[in-house]
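Read off the chains here:
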Amino acid sequence: MRLNKQLKEKNQESLASVLPITAIVLVLSITVAPLPPGALVLFLFGAVLLVAGMGFFTLGADMSMIPMGEGIGVELSRRKGLLLPVLAYFLLGVLTTAAEPDLQVLAGQVPAIDSRTLILTVSVGVGFFLVIAALRIRCKIPLRRLLMFFYPAVFLLAALAPASFIPVSFDAGGVTTGPITVPFIMALGLGIASSRSDKDSSSDSFGLISLCSVGPVVMVLLLGILYRPEEVTPQLSAIPELATTADAARVFLRAFPAFLREVAAALAPIAGLFVLFQLLTRRFRRRQLIRIGAGLAYTYAGLVLFLCGVSVGFMPAGQYIGATVAAGNSRWLLVPIGMLIGYYIVKAEPAVRVLTKQVEEVSNGSISHKAMELALSAGVCLSVGLAMARVLTGLNILWLLIPGYAVSLGLSFFVPPIFTGVAFDSGGVASGPMTATFLLPFAMGACTALGGSLMTDAFGIVAMVAMTPLVTIQVMGLGSQLIRQLARRNMRVRLERVEDAIVYYD
């Protein structure tokens, strides 16, 4: 009964998240971007699967991924030697990333390099940087210090890489932290930090996602420098011809087996490592193991439904809407439409709920999930608007990324460390499967209609989505800090007035 109640609550939350983006697409389909009936039916079917998938996934993550990650983090942090933890962190990073659905989607849309080569390169990058991120927590190294070192190094590498490869490199950093890796890695950070008893342990538990997002950018830029790939035009997905709603259902049914295999391949390494971990440590009791097993089943079902819905239903709709608006007389509408979609689409990212809930718990409610969602929505709204401006003008992405990261790194000197960790983690979390399967096709469709370069103009939207929350969430932290300081100042003034009054009457 309790599980049914929790699942009902999760589904209600999912419905509230998906309804706005569904309503926006429906309005666009009858106004500035009429959709073919087949694409609209696929989109609506996909929206239903999206709601169900998010409900199952978020419940499953609470039951399985978070306890697993936290338990492994605690046990590894207790080891006195570094060899075993370092090998375990690296292996966890490689295996979870190699099967990340977001990365699979992006790799399939980048023709310049073989998909397997790209996936392996990105996975190794995450593995290396997960080791660095975990050791940072154990050694109490401030996150800001590492960010100030690695991001300038990234932009130095970008100066040497082919221009057509830079947007894809930064996109890779965004998509690697998706629905599989985020709950597990964030819980891993909590587990590692829990072994410390100092006052900074809670804020230091954040930052793993942000550093893991740097690794793929570095590795893919190095790959571009070594390979020097030629410009290749990606192929846009075709919209199937549908005569009836039964045809739409058959499209989803034909797609399900591929997603069943894909998600099984994604979760199998994590489940296998957990079984090995349990055999070696005996950390979890029987009742906990049953709950984790049920949670993995919920996670599996939720990801299959979610990914099938967004890939089959949302991708063609996003591509067609982008192409239709760009081909019309009012192509400038791409910017406000993109901003509106961006504001609401981040609410439908499955990993966002995991992050906002964990931030609220770790901060003891001082950073509410509503404030986090508002800051994320504002950031993604801005980023998609800038990305659409790039599609229209062909502006080099570095003209936006360099100032954006410079501002975000500068803000880290003025806000509490927890806000810096949360902000840089949020960038990776915001750029999830909804970005890869709706916003990226939206940009690609618009770019194709305008005759631009897909590699330089359309790719990069994931990178933009990953960058702007770094600024908006730290601005939120700066604002809350100023409000607290003002409140303390007002309190001191009132106390002084009370003391003066007491002295006067005495």
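Attention in this report is confined to the structure presented alongside it. Computed from a prediction, not measured in an experiment: that's the story for all the values here.

### Details of the packing of aromatic side chains
- Here the structure, examined in full by the defined rule, presents 15 aromatic pairs.
- For the pair tyrosine 151 and phenylalanine 424, a centre-to-centre distance of 6.1 Å together with 45 degrees between the ring planes defines the contact as tilted. Of this pair, tyrosine 151 sits in helix H6 (residues 143-160) while phenylalanine 424 sits in helix H17 (residues 417-430); the two residues are 273 residues apart in sequence, bridging distant segments of the chain. Note on accessibility: tyrosine 151 and phenylalanine 424 belong to one class, buried.
- An angle of 65 degrees between the planes, with centres 5.8 Å apart, marks the rings of phenylalanine 314 and phenylalanine 438 as edge-to-face. In this pair, phenylalanine 314 sits in helix H12 (residues 286-327) while phenylalanine 438 sits in helix H18 (residues 433-450), placing the two residues 124 residues apart along the sequence. The same class applies to phenylalanine 314 as to phenylalanine 438, namely buried.
- One aromatic cluster is present, formed by Tyr151, Phe155, Phe170, Tyr405 and Phe424 through successive ring pairs.
- For arginine 283, the ring lying beneath its charged end belongs to phenylalanine 284, and the centroid distance is 6.0 Å.

### Quick word on a nonpolar patch on the surface
- Where nonpolar side chains cluster on the molecular surface, the patch consists of Leu26, Leu44 and Phe45 and spans about 210 Å² of accessible area.
- Secondary-structure assignment places leucine 44 in helix H2 (residues 37-77).
- Classification of leucine 44 by relative accessible area gives partly exposed; the value is 34%.

### A short note on unusual backbone geometry
- Look at lysine 140: it is not a glycine, yet its phi comes out positive at around 60 degrees.
- For lysine 140, the position within the fold is in the loop between helix H5 (115-139) and H6.
- Of note in the backbone geometry, arginine 282 takes a positive phi value of approximately 55 degrees without being a glycine.
- Tracing the sequence through the fold places arginine 282 in the loop between helix H11 (245-281) and H12.

About the cut-offs
- Residues numbered from 1 in each chain as written.
- Predicted model: local features only at pLDDT ≥ 70, side-chain atom pairs only at ≥ 80, totals over all residues.
- Heavy atoms only, no water.
- Phe/Tyr/Trp six-rings, centres within 6.5 Å; stacked < 30°, edge-to-face > 60°.
- Helix = DSSP H or I, 4+ residues; strand = E, 2+ residues; numbered from the N terminus.
- Buried < 20%, exposed > 50% of the residue type's maximum accessible area, 1.4 Å probe, protein only.
- Lys NZ or Arg CZ within 6 Å of the ring centre and 35° of its normal.
- Patch = residues over 30% accessible without salt bridge, like charges linked within 9 Å, V, L, I, M, F, W, Y side chains within 5 Å.
- Areas by Shrake-Rupley, 256 points an atom, 1.4 Å probe, with all protein chains shown as cover.
- Salt bridge = Lys/Arg side-chain N within 4 Å of Asp/Glu carboxyl O.

By themselves, these observations are geometric and do not establish any function.
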